[in-house]
Amino acid sequence: MTQGTHTSKGLLRRAGTGFGVEIVVLIFALISVGLMAWQHWGMNLVMPIASENGNPGWVEDDRSENGNSIVHYQQNDAYHMQCEIRTAITYPFCNLFTALNPEDQSVDLTQYTTLHLDLSHQSSTRDSLRIYLNHFFAPDDQVWFPYKSNQQVINPREGRHSYTLKLDEFYVPPWWVYASDLPAEQTTPQLTNVRHLVLSTGDSSIPRKVSLILHHAELRGKWISANALYRGLIWAWMLLALLYFSYRAVRYSHEAKAKHAETEQLRAVNRLLDLKSKRFEDLATHDTLTGLYNRAGLRPHLQEAVADYKKTQLPFSVLMIDLDHFKAINDSYGHDEGDRILKAFAQLISERCRHSDIPARWGGEEFVVVCKGSSAKAAKVLADDLCRTAREAELGKGYVVTCSIGVSEVSGTGISALFKRADTALYQAKNSGRDQVAVA
Ligand SMILES: Nc1nc2c(ncn2[C@@H]2O[C@H](COP(=O)(O)OP(=O)(O)OP(=O)(O)O)[C@@H](O)[C@H]2O)c(=O)[nH]1
């Protein structure tokens, strides 16, 4: 009943833990998918550049560089540049500038991914259009030009059209790299401090008239970039896995400790049971008063002696010993004194017996010694010695304790007959005046 309850509790606990982990993983997976979907379809970040918000715009032509192209500018609800390219210099140009905000301050475009342009373009010859995002990077006198030009080139179609440019496809044009004379690591695109959007006529030197209207421009991006989100999610999943494995490790260690403690407890119980079973065995085969074998304890030794005798024909004998007038000792000195005499006599027998002799208490004041490998004659020597020693040992306090002994040798007629003959001899010793040995 108890074990069944423990087992079912363990199963429930295990099932509970597994289910908990699955729930956490499911919630985490749902949050991850939700964040990815939100990042893809939402989290939009839009920055209008040239539109109703009134960012300043202006134009420039190549006359500052000894050219003679002429640009006109008009700003109503759009930014309108009219340019006449003339070929006084190798690379004639007209530029239409738009600030990224009304205060003409720099902006970090890291979070933006695309630039959207709504343009009307007309040119008397085929012309390209250079788009610049000018990064303001070094307002000191050492540098020839404080803006790094991040560029893309498009081929505009006649009329009004929309164009989308990816910010990570902007590059630093070769003419800027050449003119800046900066080391290679400083000539890569930079969009962290952008101040102007510049639309510039193509690098053709053919004379032409160009009309360019910037109706609207805006930057689009995400509050969180896909890369940043995926990196964050990977870290979160790794952290979750780390937490899970740490939890498992701690749990396994606790379980191992508990198991070890349980095993130790079982070992202790086993040791106790072993001790108890030995104690029960001792109680079943030994006499509690004297510590000698009782009848049950002596039986296997007798059987072994008989078996040996049948195998080798070597004799063995038994001594049947009875304390003389023991009732009188009990009556005169009390039962406790009687017990003390029984114990002392048992001790005496044990001390006088040889290693191969097996003494036992047969019952009451009767004892038996099985003398293995001894004939009746040899056993009588031990019996005489016991008789004399008991008499001389002064077991009693102020009185003499004696015993009578009957000796019989095995003869092939079985254990009962052997004991019967020893008993008869004992009876004979008693009748002959006690304190003596008789051999059957
Ligand atoms: N103190 C004590 N007495 C016991 C025990 N077992 C048996 N006795 C006593 O031993 C006595 C045996 O008396 P009897 O059988 O008459 O023999 P006896 O007095 O020794 O006389 P003989 O054998 O003829 O010499 C009885 O009084 C029993 O009560 C025991 O364990 N302790």
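Parameters at a glance
Every chain's residues receive numbers from 1 upward, in the order its sequence appears when written. Since the coordinates come from a predicted model, pLDDT governs what is reported: local features require at least 70, and pairs of side-chain atoms require 80 or more to be given and counted, while whole-chain, interface and lining totals use all residues. With hydrogens and water set aside, each side-chain value is computed from the structure's full complement of heavy atoms. Put simply, a salt bridge is a Lys or Arg side-chain nitrogen that is within 4 Å of an Asp or Glu carboxyl oxygen. The helix count covers DSSP runs of H or I at least four residues long, the strand count covers runs of E at least two residues long, and both are numbered beginning at the N terminus. When a residue's accessible area, from a 1.4 Å probe over protein chains only, is under 20% of the maximum for its type it is buried; when over 50% it is exposed; and in between it is partly exposed. UniProt positions are given in the numbering used here, feature names are shortened, and annotations may be inferred rather than shown by experiment. In this text, near means that some heavy atom of the residue lies within 4 Å of the molecule or strand in question. Nitrogen and oxygen atoms within 3.5 Å of one another constitute a polar contact, given that in protein one can donate a hydrogen and the other can accept it, and given that sequence-neighbouring residues count only through two side-chain atoms. Accessible surface is estimated by sampling points in the Shrake-Rupley manner with a 1.4 Å probe; for residues, cover comes only from the protein chains shown. Note on contacts: a residue pair is in contact if any heavy atoms of the two residues lie within 4.5 Å. To estimate the expected span of a helix, count its residues, drop one, and scale the result by 1.5 Å. To obtain the arc, one takes the directions from the helix axis to the C-beta atoms.

Engineer: It is not clear to me how the pattern of salt bridges should be interpreted in this structure. Could you clarify?
Structural biologist: Working definition: two side chains of opposite charge can pair if their charged atoms are close together. In total, this model carries 19 salt bridges according to the counting rule given. Aspartate 322 is the partner of lysine 430 in a salt bridge, and the nearest nitrogen-oxygen pair spans 2.8 Å. Taken together, the residues lysine 430 in helix H8 (residues 415–431) and aspartate 322 in strand E12 (residues 317–323) connect sequence positions 108 residues apart. Each member of the pair, lysine 430 together with aspartate 322, is buried. Residues glutamate 337 and arginine 340 are paired through a salt bridge, measuring 2.9 Å at the closest nitrogen-oxygen approach. Placement of both glutamate 337 and arginine 340 in helix H6 (residues 335–352) is noted, with a separation of three residues, approximately one turn of the helix. Judged by relative accessible area, which is 27%, arginine 340 ranks as partly exposed. One salt-bridge network, held together by shared partners, links Arg352, Asp385, Arg388 and Glu392.

Engineer: Honestly, the UniProt feature "transmembrane region" (unreviewed entry) in the chain in this entry has me stumped. Any pointers?
Structural biologist: Feature annotation in UniProt assigns "transmembrane region" (unreviewed entry) to the following positions: residues 19–38 and 228–247. The span residues 19–38 shows a helical share of 100% and a strand share of 0%, and its end C-alpha atoms are spaced 28 Å apart. Measuring from the first to the last C-alpha atom of residues 228–247 gives 28 Å, for a span that is 100% helix and 0% strand.

Engineer: Sorry if this is basic, but what is going on with the site of the ligand here?
Structural biologist: With respect to spatial proximity, 16 residues lie near the ligand, and among them His325, Phe326, Asn330, Asp339 and Arg361 are the closest. Within the side chain of aspartate 322, one N or O atom sits 3.3 Å away from an oxygen atom of the ligand. Residue arginine 434 places a side-chain N or O atom 3.0 Å away from an oxygen atom belonging to the ligand. Summarising the interface, the protein chains cover 65% of the accessible area of the ligand, which totals 660 Å² for the free molecule. Of all the elements in the fold, those that place two or more residues in the shell around the ligand are E12, helix H5 (326–333) and H6. Among the elements that line the shell around the ligand, the one with the most residues is H6, at four residues.

Engineer: Would you take a moment to explain the environment of leucine 229 for this structure?
Structural biologist: Along the polypeptide, leucine 229 turns up in helix H3 (residues 226–285). Judged by its relative accessible area of 7%, leucine 229 is buried. Residues leucine 229 and glutamine 39 lie 190 residues apart in sequence; the distance between their C-alpha atoms is 8.0 Å. In this structure leucine 229 touches Leu35, Met36, Gln39 and Ile224, once residues within four positions along its chain are discounted.

Engineer: What exactly am I supposed to notice about helix H4 (residues 295–312) here?
Structural biologist: The periodicity of an α-helix, 3.6 residues per turn, causes residues three or four places apart in sequence to face the same way. Helix length check: H4 (18 residues) gives 25 Å between terminal C-alpha atoms against 26 Å at 1.5 Å per residue, within 8%. Inspection of H4 places Gly297, Leu298, His301, Leu302, Ala305, Val306 and Tyr309 among the buried residues, and these make up the whole buried set. Buried residues of H4, viewed axially, fall in a sector of 160°; they line one side. In this structure, H4 carries Lys310 and Lys311 as exposed residues pointing more than 90 degrees from its buried face. Looking at the buried positions of H4, the neighbouring elements they touch are H3, strand E13 (357–363), strand E14 (366–371) and H8. Among the residues of H4, the N-terminal cap falls to asparagine 294, whose side-chain oxygen and the backbone nitrogen of alanine 296 are separated by 3.1 Å. Phi turns positive one or two residues past the end of H4, at glutamine 313, with a value near 65°.

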